[in-house]
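Okay, here's what each chain looks like letter by letter:
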Amino acid sequence: MFQIASAVSTNVGSQLLTLFVLAIPVACVTWTVTHEEVFREPRDWCAEKSTSCPTVAERKFFYLFTCEYCFSHYVAAAFLIVMQYRLLYDDWRGYLVAGFALVWVANLYMSLFGRLRLETKKVKTEIDIDEKAVAAITPSAVPK
């Protein structure tokens, strides 16, 4: 039914390894633009434009820079073009399959990273609360 084997130029294991490695920079670029402080001002400007522009097309264009899922499609497409990465097929279908797979894996990575950051922040907050509680009980033990 499917003629994948005849269309594959390299082995599937190598293609899958490339998929999981290539998803790392896609996730990194996407996360940095949509979440990190270094891009806060342009992201805030885009968020404002995504609600105030007169046309739907303009609003959607600016929204892309505020949504990690949406933006990851464009970052993945850029990486596919630069790296000429295809998955399972050597023609346009390989780019299509690779594009959606790359977006999915990159978003999986970003979800895991977001969860890790949330857990780290929670632990830091708990430590701060514990330190303040100890300082309130024994004020002379806290250095000035």
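Quick notes on the rules
Residues numbered from 1 in each chain as written. Predicted model: local features only at pLDDT ≥ 70, side-chain atom pairs only at ≥ 80, totals over all residues. Heavy atoms only, no water. Helix = DSSP H or I, 4+ residues; strand = E, 2+ residues; numbered from the N terminus. Buried < 20%, exposed > 50% of the residue type's maximum accessible area, 1.4 Å probe, protein only. Contact = heavy atoms within 4.5 Å. Areas by Shrake-Rupley, 256 points an atom, 1.4 Å probe, with all protein chains shown as cover. Expected span 1.5 Å × (residues − 1). pLDDT = per-residue confidence, 0-100. Patch = residues over 30% accessible without salt bridge, like charges linked within 9 Å, V, L, I, M, F, W, Y side chains within 5 Å. Salt bridge = Lys/Arg side-chain N within 4 Å of Asp/Glu carboxyl O. Phe/Tyr/Trp six-rings, centres within 6.5 Å; stacked < 30°, edge-to-face > 60°.

Enquirer: A description of the overall build of the protein should follow, citing residues and the corresponding values.
Expert: The secondary structure content of the protein amounts to six helices and zero strands. Reading the protein from its N end, one meets helices and strands in the order α-α-α-α-α-α. Buried residues in the protein amount to 26% of all 144 residues. Contacts in the protein between residues far apart in sequence, at least 24 positions, make up 61% of those at least 6 positions apart. As displayed, the protein has an accessible area near 10100 Å², and 68% of this comes from carbon and sulfur atoms.

Enquirer: An account of helix H6 (residues 92-137) is requested, with residue identities and associated values reported.
Expert: Its 46 residues place the ends of H6 68 Å apart at the C-alpha level, agreeing with the 68 Å of an ideal helix rising 1.5 Å per residue. Residues of H6 that are buried: Gly94, Ala98, Gly99, Ala101, Leu102, Val103, Val105, Ala106, Asn107 and Met110. Here the buried face of H6 lies against helix H2 (12-35) and helix H5 (68-83).

Enquirer: So what's going on with the environment of phenylalanine 79? Residues and values would help.
Expert: Looking at the element boundaries, phenylalanine 79 is found in helix H5. For phenylalanine 79, a relative accessible area of 22% puts it in the partly exposed group. As a C-alpha pair, phenylalanine 79 and alanine 23 span 56 residues in sequence and 9.2 Å in three-dimensional space. When sequence neighbours within four positions are dropped, the list of residues in contact with phenylalanine 79 reads Leu22, Pro25, Val26, Val29 and Gln84.

Enquirer: Tell me about the confidence of the model for the protein, and name the residues and values.
Expert: Taken residue by residue, the protein gives an average pLDDT of 88. The fraction at 70 or more is 89%. Element-level mean pLDDT values for the protein span from 43 in helix H1 (residues 4-7) up to 95 in H5. Ignoring residues within four places in sequence, the model shows residues 1-9, a span with pLDDT below 50, making 11 contacts including any to other chains.

Enquirer: Run through a nonpolar patch on the surface, naming residues and quoting values.
Expert: Together, Val12, Leu16 and Phe20 make up a nonpolar patch on the protein surface, roughly 230 Å² of accessible area in all. Mapped onto the elements of the fold, valine 12 is located in helix H2.

Enquirer: So what about the pattern of salt bridges? Which residues, and what values?
Expert: Taken as a whole and judged by the stated rule, the model has five salt bridges. When the shortest N-O distance is used, the salt bridge between arginine 40 and glutamate 37 registers 2.6 Å. The network of salt bridges with common partners includes Glu37, Arg40, Glu41 and Asp44.

Enquirer: Outline the packing of aromatic side chains, supporting the account with residue identities and numerical values.
Expert: Scanning the model with the defined rule gives five aromatic pairs in all. Ring centres 5.2 Å apart and planes at 90° place the aromatic pair tryptophan 45 and phenylalanine 62 in the edge-to-face group. Residue tryptophan 45 is located in helix H3 (residues 40-52), and its partner phenylalanine 62 is located in helix H4 (residues 56-63); the two are separated by 17 residues in the primary sequence. Accessibility expressed as a relative area gives 46% for tryptophan 45, which makes it partly exposed. Clustering of aromatic rings is evident, with ring pairs tying together Trp45, Phe61, Phe62, Phe65 and Phe71.

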